[in-house]
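Summary of structural features
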Amino acid sequence: MQHSPTTRIGVVTVIIQNRTAAVKTINNILTDYSDVIIGRLGLPRDNLSIITLIVEGNTDQIGAMTGKIGQIDQVSVKTAFAKTS
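First, a word on scope: everything that follows refers to the structure included in this document. (Residues numbered from 1 in each chain as written. Predicted model: local features only at pLDDT ≥ 70, side-chain atom pairs only at ≥ 80, totals over all residues. Heavy atoms only, no water.)

For the rest of this paragraph, the subject is the pairing of strand β1 (residues 7-16). Where β1 lies against strand β3 (residues 48-58), 10 bridges are found, and the strand directions are antiparallel. Looking at the pairing, G10 lines up with V55 of β3. Sheet topology note: the β1/strand β4 (residues 75-81) ladder contains seven bridges and is antiparallel. The residue bridging I15 from the neighbouring strand is S76, located in β4. (Pairing = 2+ DSSP bridges. Helix = DSSP H or I, 4+ residues; strand = E, 2+ residues; numbered from the N terminus.)

A separate point is the nonpolar core. Across soluble globular proteins, nonpolar side chains have a tendency to be buried as a group. Judged by nonpolar contacts, the single largest core of 18 residues is most densely connected at V14, I26, L53, M65 and V75. Examining the composition of this core, we find that four residues originate from one element, helix α1 (residues 19-32), more than from any other. Not counting residues up to four positions away in its chain, the partners in contact with V14 are I26, S49, I50, I51, I69, V75, S76 and V77. (Core = buried A, V, L, I, M, F, W, Y, C linked by side-chain atoms within 4.5 Å. Buried < 20%, exposed > 50% of the residue type's maximum accessible area, 1.4 Å probe, protein only. Contact = heavy atoms within 4.5 Å.)

This part is about the environment of I29. Mapped onto the elements of the fold, I29 is located in helix α1. Given the relative accessible area of 10%, I29 is considered buried. For I29, the contacting residues outside a window of four places in its chain are M65, K68, I69 and I72.

In this structure, A22 sits in helix α1. Among the residues examined, A22 registers a relative accessible area of 3% and is labelled buried. Beyond its immediate stretch of four places on either side in the chain, A22 contacts I16, I72 and V75.

A few words now on α1. With 14 residues, α1 extends 19 Å between its outermost C-alpha atoms, agreeing within 8% with the 20 Å of an ideal straight helix rising 1.5 Å per residue. Turning to α1, the residues buried within the fold contact β1, β2 (37-45), β3, α2 (59-70) and β4. (Expected span 1.5 Å × (residues − 1).)

It is worth spelling out α2 at this point. Helical geometry note: an α-helix holds 3.6 residues per turn, so side chains three or four residues apart project in the same direction. Helix length check: α2, at 12 residues, gives a terminal C-alpha distance of 16 Å against a target of 16 Å (1.5 Å per residue), a fit within 8%. Of the positions making up α2, those classed as buried are I62, M65, T66 and I69. Viewed along the axis of α2, the buried residues span an arc of 90°, placing them on a single side of the element. Taken together, the buried residues of α2 touch β1, α1, β2, β3 and β4. Two or three places before D60, at the start of α2, stands the capping residue N58, its side-chain oxygen 2.9 Å from that residue's backbone nitrogen. (Arc of directions from axis to C-beta. Polar contact = N/O pair within 3.5 Å; in protein donor to acceptor, adjacent residues only side chain to side chain.)

Shown next, in the form of structure tokens:
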């Protein structure tokens, strides 16, 4: 019997230290995972950007998205989930 992953809600913060080099790749990843993104806020600042995402999905989906983002040079990603009962 296969267990269905539980849906979680949380926040993902992405800090991009070289916006010129990374923004296109990140936007492509975010488009691929748009079904789990329910909100997005971006702050461009010189060649630095901070993107905050509100996400809802299972941990496999969100982990796959953040894993791809985390592999990009000069990009940091952190995730926090709401506690479940």
